[in-house]
Amino acid sequence: MPGHKGKAPSNAPDLQGAYAWDITEISGADSLFEASGILRAAEQQTAELYGSGSVCYSAGGSTLCIQAMLAKMKAEHRHVIAARTVHRAFLNACVLLGLEVTWVRPRSGSLIAGQYAAEDFAAALEKTDGAACVYVTSPDYCGNLQDLRGLAAVCRRFGARLLVDNAHGAHLAFLEEKLHPMQCGADFCCDSFHKMLPSLTGAAVLHSAEDCGAEMKQYMQLFGSTSPSYLILQSIEAATEWLRQGGGEEVRHCAERSAVLRASLPQYHFAGNDPLHVTIKADGNALADELRMQGVECEYADSTCLVLLLSPVMEEGDFQRLYTALSRCEPKPPAVPPPLPSAPEQVLSMREAALSAWVSVPVGEAVGRICGMVQVPCPPAVPLIVSGERITEEWVGLMRFYGIGNMICVL
Ligand SMILES: Cc1ncc(COP(=O)(O)O)c(C=O)c1O
């Protein structure tokens, strides 16, 4: 293996460069889940760069890292308290591991992007018997950063671990103000290198505050393919080296250019506090169409906002093009979402509901039914109702607002 023997098929000569580097666990190439050679050394370089106790590479995105973090929590018999703005990857991991979750709802914002109060996690921890952990997504899809230092202090007070879905924040360690979860006191976090840094799709790392990489690999191999892509792994090592040799400076540059871009477009209302997520409060769908006509593709749009993802590899000309395109658009006011309904009733466990016999129904016919498998469009893949919860009229109203057409319900 591999069957291609380093040669792209004759009908795809453009892929030859990639095929040549697509190796497997041959002698000297190490083995991801039992790394002791070049992969281990590369992981150590990344850990050193971020100041983490250990780093595990993932060719299965942050999804695999989230599965591993939660498997570790299960092994430690910790109850999971989570900020409700979670990606589907978290919910799927809970289903696979049979974890039940205590939800903390946002104080403001929406269920896709919200702001949370550390006291609400403290209150949930106070009510929890036994060991616990807190799981938050920061930054969220719209670039909202949570107060991780405050949360870490709360977690320390209760002996709880802090887990952060930092899929959107691999760049944060290189900003002037150190905002990466590992710099703010988290115990574990995942970074999708492929989202914010120059790495291939699927590239991610799992950071641990302690030196427990070998143990975390055992949890990763529970879920990951036995054939992780070396191309993807090499792209993590390459991005690490790039960051070490001036890429960090490029991240800061990108943040500065982002500030200039925002300041020179006073007709726009920007939201979020991560510089690389440019979130515009406007009718995002209309704005996305206008931008697309000028050759700019956004990351995400709905009727309330539009998200543009900046990258440190963008050059001055790219920023100029973006500025020109945005200055030619005429943003329309954002739609106002219906108020957040009261917390839905949990009728079945997430696992029971997700693994039940199911039927897909138009949302209008879902009232009164129980949500089965979570099915949400990606991006942002943040569900409004999760497996096992009763769907009410108000929640259906919110789903219609976000353009969700069908739901998978328990039969
Ligand atoms: C907040 C968040 N967490 C986790 C993930 C999963 O990351 P990956 O695609 O690297 O597996 C995503 C992907 O979009 C995400 O947006």
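Residues numbered from 1 in each chain as written. Predicted model: local features only at pLDDT ≥ 70, side-chain atom pairs only at ≥ 80, totals over all residues. Heavy atoms only, no water.

1. Considering the packing of helix H3 (residues 61-75) against helix H8 (residues 213-223)
Where H3 contacts H8, the axes come no closer than 8 Å and their chain directions differ by 115°. Crossing of H3 against H8: the hand is right-handed. Along its contact with H3, which presents Leu-64, Cys-65, Gln-67, Ala-68, Met-69, Ala-71, Lys-72 and Ala-75, the element H8 presents Glu-215, Met-216, Tyr-219, Met-220 and Phe-223. In terms of residue class, the contact of H3 with H8 is made up of ten nonpolar, one polar and two charged. (Axes fitted to C-alpha atoms, helices over the stretch in contact; angles between N-to-C directions. Helix = DSSP H or I, 4+ residues; strand = E, 2+ residues; numbered from the N terminus. Left-handed = near helix turned anticlockwise from the far one by under 90°. Contact = heavy atoms within 4.5 Å. Nonpolar A, V, L, I, M, F, W, Y, C, P; charged D, E, K, R; others polar.)

2. Brief notes about the site of the ligand
Taken together, 13 residues lie near the ligand, and Thr-63, Asp-165, Ser-192, His-194 and Lys-195 sit nearest. One nitrogen or oxygen atom from the side chain of His-87 is found 3.5 Å from an oxygen atom belonging to the ligand. The contact in question runs from an oxygen atom of the ligand to an N or O atom on the side chain of Ser-192, over 2.8 Å. Looking at the shell around the ligand, the elements that each hand over two or more residues are H3 and helix H7 (193-196). Sorting elements by how many residues they give to the shell around the ligand places H3 first, with four residues. Among the residues forming the shell around the ligand, the class breakdown is three nonpolar, eight polar and two charged. (Near = heavy atom within 4 Å. Polar contact = N/O pair within 3.5 Å; in protein donor to acceptor, adjacent residues only side chain to side chain.)

3. As for unusual backbone geometry
Backbone phi values are negative for most residues with the exception of glycine, while trans is the configuration of most peptide bonds. The omega torsion of the bond from Met-1 to Pro-2 falls at 0°, within 30 degrees of zero and hence cis. When you line up the elements, Pro-2 lands in the segment before helix H1 (16-21). Ser-138 connects to Pro-139 through a cis peptide bond whose omega is 0°. Here Asp-30, not a glycine, exhibits a phi torsion of approximately 65°, which is positive. Among the residues examined, Asp-30 registers a relative accessible area of 13% and is labelled buried. Positive phi outside glycine occurs at His-77, with the angle close to 55°. (Buried < 20%, exposed > 50% of the residue type's maximum accessible area, 1.4 Å probe, protein only.)

4. Overview of the sheet that holds strand E11 (residues 277-281)
One open sheet accounts for four strands, arranged E10-E11-E13-E12; its pairing is antiparallel. In this open sheet, the two strands that pair with only one neighbour each are strand E10 (270-271) and strand E12 (300-301). Summarising the sheet, E12 and strand E13 (residues 305-309) pair through two bridges and their orientation is antiparallel. By the bridge assignment for E13, Ala-301 is matched with Leu-306. (Pairing = 2+ DSSP bridges.)

5. Side note on the environment of Cys-371
In this structure, Cys-371 sits in the loop between strand E14 (358-362) and helix H13 (393-401). Between the alpha carbons of Cys-371 and Leu-411 there is a distance of 9.7 Å; along the sequence they are 40 residues apart.

6. Quick notes on the domain arrangement of the protein
Accessible area lost upon the coming together of the parts is a frequently used measure of interface size. Each domain of the protein was delimited in the assignment, giving domain 1 (13-243), domain 2 (249-328) and domain 3 (350-410). Computed over C-alpha atoms, the centres of domain 1 and domain 2 are 26 Å apart. Across the contact, 20 residues belong to domain 1 and 20 residues belong to domain 2. For the pairing of domain 1 and domain 2, the buried interface totals around 1,600 Å² over both sides, and the portion due to carbon and sulfur atoms is 65%. Of all residues in domain 1, Tyr-141, Cys-142 and Met-196 bury the most surface against domain 2, accounting for 32% of the area lost on that side. Summed over the shared surface of domain 1 and domain 2, the result is eight residue pairs in polar contact (both at pLDDT 80 or more). Listing elements by their share of the side of domain 1 that touches domain 2, those giving two or more residues are H7 and helix H9 (230-263). Of the residues contributing to the side of domain 1 that touches domain 2, the split by class is 13 nonpolar, four polar and three charged. (Domains from an automatic or database assignment. Buried area = accessible area lost by both parts, 1.4 Å probe.)

7. Describing the sheet that holds strand E1 (residues 54-58)
The seven strands are arranged E1-E9-E8-E7-E6-E2-E3 in an open sheet whose pairing can be described as mixed. The open sheet has two edge strands with one neighbour each: E1 and strand E3 (101-104). Here the average twist between neighbouring strands, direction ignored, is 20°. Relative to strand E6 (residues 132-137), strand E2 (residues 79-83) runs parallel, the two being bridged by four bridges. The partner of His-79 across the bridge, within E6, is Ala-132. In the packing of H3 onto the sheet, the strands contacted are E1, E2, E6, strand E7 (161-165), strand E8 (188-191) and strand E9 (204-208), and the crossing angle to E8 comes to about 170°. Packed onto the sheet, H9 meets E1 and E9 and runs at close to 135° relative to E1.

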